[in-house]
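Working through the structure, step by step
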Amino acid sequence: MRRADASDLAGSTAVGSLVAFVLLTLVVTGRAGAPLFGDQDLNAWSADHRPPVALAVARGLTYTGTGVLPYLLVALAGVVLGRTARQRILFALGCVGCLAAAQAVRYGVMSLVARPRPATAEWATHASGWSFPSGHTTTSAITGGLLVLAVLARAPRGGRGLAALLACWAVLVGLTRVYLGVHWFSDVLGGWLFALCWLSLCVYTLARIAPHTFATISALRPRPGPTTTEELPDGSHPHREVPPHSAP
């Protein structure tokens, strides 16, 4: 599996998640923003199961999915991804730009769909704007995805535990929006699909327009196995010396 294979996988994922997101958006708009199957049940269950400790934890988690913190985290992801000082600066700026652009596009989609939020009587935290797709969910998913990529790029094996924790954080931030009553679950699902599409599109674009930069990120390319060779930039293969057989 080479760079072209990885970029094709990212492109396929971007297309698949985009199709799913568009279909979900059409369903939401076709029902004039009304709750979809399971939305009301999940919100009703959340409203009936909010002990003080769980409520405090949910509020603490949900606050990490907005504001300055996600931008600081994606900048850190860029610093970790870079190998030289110049790369660290460029990657940090690129990750910040990736998140900012995603938020701008999401805001445009949100304004076009204009889906009302659940009834304010069910809210357990502050919220503003329209409901679909969830902003906290999108922001935390993109932030978590970039952090996971950075961790796996620099610690492919030892960083798997940390990468799993970061992925769980991103998922939990989205779920807190339902638990706190300010979003329908379909809003959160839309945020996850949008984030997956955006991250995949960014990986695909990077692989196509900046192959040398792509090649420096080890998390985006497979490692050669015991029976494979890794391509060099000029398309040749590294020479392997075969030890002579010893005489019987």
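For the rest of this paragraph, the subject is the packing of helix α5 (residues 85-113) against helix α6 (residues 135-154). At a closest axis distance of 10 Å, the pairing of α5 and α6 adopts a crossing angle of 155°. The angle between α5 and α6 falls in the class roughly antiparallel. When you trace α5 past α6, the crossing you get is right-handed. On the side of α5, the interface is formed by Cys95, Cys98, Leu99, Ala102, Gln103 and Arg106, while α6 contributes Gly135, Thr138, Thr139, Ile142, Thr143 and Leu146. Split by residue class, the contact of α5 with α6 holds 6 nonpolar, 5 polar and 1 charged.

Scanning the model with the defined rule gives 4 aromatic pairs in all. Here Phe21 and Phe132 contribute two aromatic rings whose centre-to-centre distance is 5.8 Å and whose plane-to-plane angle is 10°, an arrangement assigned as stacked. Pair noted here: Phe21 is in helix α1 (residues 3-30) and Phe132 is in the loop between α5 and α6, with a separation of 111 residues, a long-range link. An identical accessibility class is assigned to Phe21 and Phe132; each is buried.

This brings us to unusual backbone geometry. Here the amide bond leading from Phe132 into Pro133 is cis, since omega sits at -10°, within 30 degrees of zero. Tracing the chain through its elements places Pro133 in the loop between α5 and α6. The backbone of Ala32 shows a phi angle near 55°, a positive value even though the residue is not glycine. Here Ala32 shows up in the loop between α1 and α2 (39-48). With a phi angle near 55°, Ala114 is a residue other than glycine that sits in the positive phi range. For Ala114, the position within the fold is in the loop between α5 and α6. The class for Ala114 is partly exposed, based on a relative accessible area of 27%.

Moving on to the nonpolar core. Counting 31 residues, the largest nonpolar core has Leu81, Ile142 and Leu146 as its most contacted members. Those elements that place two or more of their residues in this core are α1, α4 (68-81), α5, α6, α7 (160-179) and α8 (185-209). Setting aside anything within four residues of it in sequence, one finds Leu146 in contact with Val74, Ala77, Cys95, Cys98 and Leu199. Leu55, Ala58, Ala124 and Leu180 belong to the second largest nonpolar core, which has 5 residues in total.

Applying the stated criterion across every chain yields a total of 3 salt bridges. A salt bridge links Asp39 to Arg115, with the nearest nitrogen and oxygen atoms 3.4 Å apart. Highlighted residues: Asp39 in helix α2 and Arg115 in the loop between α5 and α6, separated in sequence by 76 residues. Residue Arg115 is classed as buried on the basis of its relative accessible area of 1%. Between Asp187 and Arg115 there is a salt bridge, and its shortest N-O distance comes to 2.7 Å. In this pair, Asp187 is assigned in helix α8 and Arg115 in the loop between α5 and α6, connecting sequence segments 72 residues apart. Each member of the pair Asp187 and Arg115 is classed as buried.

Conventions used here
Residues numbered from 1 in each chain as written. Predicted model: local features only at pLDDT ≥ 70, side-chain atom pairs only at ≥ 80, totals over all residues. Heavy atoms only, no water. Axes fitted to C-alpha atoms, helices over the stretch in contact; angles between N-to-C directions. Helix = DSSP H or I, 4+ residues; strand = E, 2+ residues; numbered from the N terminus. Parallel < 35°, antiparallel > 145°, perpendicular 65-115°, else oblique. Left-handed = near helix turned anticlockwise from the far one by under 90°. Contact = heavy atoms within 4.5 Å. Nonpolar A, V, L, I, M, F, W, Y, C, P; charged D, E, K, R; others polar. Phe/Tyr/Trp six-rings, centres within 6.5 Å; stacked < 30°, edge-to-face > 60°. Buried < 20%, exposed > 50% of the residue type's maximum accessible area, 1.4 Å probe, protein only. Core = buried A, V, L, I, M, F, W, Y, C linked by side-chain atoms within 4.5 Å. Salt bridge = Lys/Arg side-chain N within 4 Å of Asp/Glu carboxyl O.

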